[in-house]
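Close look at the chain arrangement
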Amino acid sequence: QQQVKQSPQSLIVQKGGIPIINCAYENTAFDYFPWYQQFPGKGPALLIAIRPDVSEKKEGRFTISFNKSAKQFSLHIMDSQPGDSATYFCAAREGNTGKLIFGQGTTLQVKP
Amino acid sequence: GAVVSQHPSWVICKSGTSVKIECRSLDFQATTMFWYRQFPKQSLMLMATSNEGSKATYEQGVEKDKFLINHASLTLSTLTVTSAHPEDSSFYICSARYQYEQYFGPGTRLTVT
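It should be emphasised that the depicted structure is a prediction, and the values quoted were computed from it without experimental measurement.

On a plain count of helices and strands, chain B comes out with zero helices and eleven strands. If you list the helices and strands of chain B from N to C, you get β-β-β-β-β-β-β-β-β-β-β. In terms of overall dimensions, chain B has a C-alpha envelope of 40 × 25 × 20 Å along the principal axes. Relative to its 113 residues, chain B shows a buried fraction of 50%. Long-range contacts, defined as pairs at least 24 residues apart, comprise 54% of the intrachain contacts of chain B with a sequence gap of at least 6. Just so you have it, chain B exposes about 5,600 Å², and 51% of that area is on carbon and sulfur atoms. A gap of 5 Å separates the mean positions of the 10 positive and 9 negative side-chain charges of chain B.

Spelled out as structure tokens, the structure:
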């Protein structure tokens, strides 16, 4: 079964902390791994994405680490701010169809 | 760039009626769009893949006669919920594929009374 497992379900950090969200997958046919940020009542917004031939990608305060052999990837948010409080979803792209398989989501709260 | 809009943003309808939701790619052409449903505090569930000029491909368990999808142009896909029931109340979100990415619309909140 194609599945992406995401953890933790929720996370609380202090301002300036570095929350880390983890995802694991089984299907080696996945060829692209984006992260989305979603605020309540809004659609998901693309945050950052990585291909499996790259081990790390950084954009601003957001970093993806990718471990192909372990089939795991994670999102790190540096110097987190209260405005980063949102739900984060990892996803994996099915190469032949282009469909995204989403993780269960992580609700992040950054306390001032 | 890569902006996707949805209309309406929210709609309330009575049980048994039909509701149409529009998804538009504003600054790019999208041969493929996707429709998702999201229940409160849950992840996005793919309902169907919409390809311009051809029939939509529905995910297992999604009733294609209930959720009618039409992708008539490169910038517009529509989802029609037919004979809506209270259990169809949900947050419906579309996305459009542009180059290698999927960009999401702001979502449509459907409430069936």
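As used in these notes, a disulfide is a covalent bond between sulfur atoms, one from each of two cysteines. Residue and element names in this part refer to chain A. Taken as a whole, this structure holds two disulfides over all chains when the rule is applied. There is a disulfide in this structure between C23 and C90, and the S-S distance comes to 1.9 Å. Given an S-S torsion of about -100 degrees, the disulfide between C23 and C90 has left-handed geometry. Taken together, the residues C23 in strand 3 (residues 20-25) and C90 in strand 9 (residues 86-94) connect sequence positions 67 residues apart. Here C23 and C90 have matching classes, each one buried.

As enumerated under the stated definition, the model contains 19 aromatic pairs over all chains in all. Ring geometry for Y25 of chain A versus F33 of chain A: centroids 4.8 Å apart, planes at 40 degrees, classification tilted. Take Y25 of chain A and F33 of chain A: they sit in the same class, and that class is buried. One aromatic cluster in this structure is built from Y25, F30, F33, W35, F66 and F73 of chain A. Of note, R51 of chain A hangs over the ring of Y100 of chain B, and the distance from its end group to the ring centre comes to 4.2 Å. Over the face of the ring belonging to Y100 of chain B we find R93 of chain A, whose NZ or CZ atom lies 4.4 Å from the ring centre.

Once that is clear, we can look at the sheet that holds strand 6 (residues 56-59) of chain A. Residues and elements named next belong to chain A. If you walk across this open sheet you meet the five strands as 1-3-8-7-6, and the pairing is antiparallel. Each having just a single partner strand, strand 1 (4-7) and strand 6 make up the two edges of the open sheet. Pairs of neighbouring strands in the sheet enclose a mean axial angle of 15 degrees, with direction left out of account. Where strand 6 and strand 7 (residues 62-67) come together, four bridges link them in antiparallel fashion. Bridge assignment links E59 to a residue of strand 7, and that residue is F62.

A separate point is unusual backbone geometry. Put simply, S7 of chain A and P8 of chain A share a cis peptide bond, and its omega is -5 degrees. Assignment of secondary structure puts P8 of chain A in the loop between strand 1 and strand 2 (10-14). Here the residue pair H7 of chain B and P8 of chain B is connected by a cis peptide bond, since its omega of 0 degrees sits within 30 degrees of zero. Mapped onto the elements, P8 of chain B comes out in the loop between strand 1 (4-7) and strand 2 (10-13). Even without being a glycine, D79 of chain A presents a positive backbone phi close to 45 degrees.

Tallying the contact residues gives 19 residues for chain B and 20 residues for chain A. Between chain B and chain A, a total of about 1,500 Å² is buried, with carbon and sulfur atoms accounting for 53% of that surface. Linking chain B with chain A are one salt bridge. Between E59 of chain B and K99 of chain A there is a salt bridge, with the nearest N and O atoms lying 3.0 Å from each other. Across the contact surface, chain B and chain A share nine residue pairs in polar contact (both at pLDDT 80 or more). At the level of elements, strand 4 (32-38), strand 5 (44-51), strand 9 (90-98) and strand 10 (101-104) of chain B are the ones that each hand at least two residues to the side of chain B that touches chain A. Looking at side-chain class alone, the side of chain B that touches chain A contains ten nonpolar, six polar and three charged residues.

Cut-offs applied
- Residues numbered from 1 in each chain as written.
- Chains lettered and ligands numbered in written order.
- Predicted model: local features only at pLDDT ≥ 70, side-chain atom pairs only at ≥ 80, totals over all residues.
- Heavy atoms only, no water.
- Helix = DSSP H or I, 4+ residues; strand = E, 2+ residues; numbered from the N terminus.
- Buried < 20%, exposed > 50% of the residue type's maximum accessible area, 1.4 Å probe, protein only.
- Contact = heavy atoms within 4.5 Å.
- Areas by Shrake-Rupley, 256 points an atom, 1.4 Å probe, with all protein chains shown as cover.
- Lys, Arg positive; Asp, Glu negative; His and termini not counted.
- Charge placed at Lys NZ, Arg CZ, Asp CG, Glu CD.
- Disulfide = S-S within 2.5 Å.
- Phe/Tyr/Trp six-rings, centres within 6.5 Å; stacked < 30°, edge-to-face > 60°.
- Lys NZ or Arg CZ within 6 Å of the ring centre and 35° of its normal.
- Pairing = 2+ DSSP bridges.
- Axes fitted to C-alpha atoms, helices over the stretch in contact; angles between N-to-C directions.
- Buried area = accessible area lost by both parts, 1.4 Å probe.
- Salt bridge = Lys/Arg side-chain N within 4 Å of Asp/Glu carboxyl O.
- Polar contact = N/O pair within 3.5 Å; in protein donor to acceptor, adjacent residues only side chain to side chain.
- Nonpolar A, V, L, I, M, F, W, Y, C, P; charged D, E, K, R; others polar.

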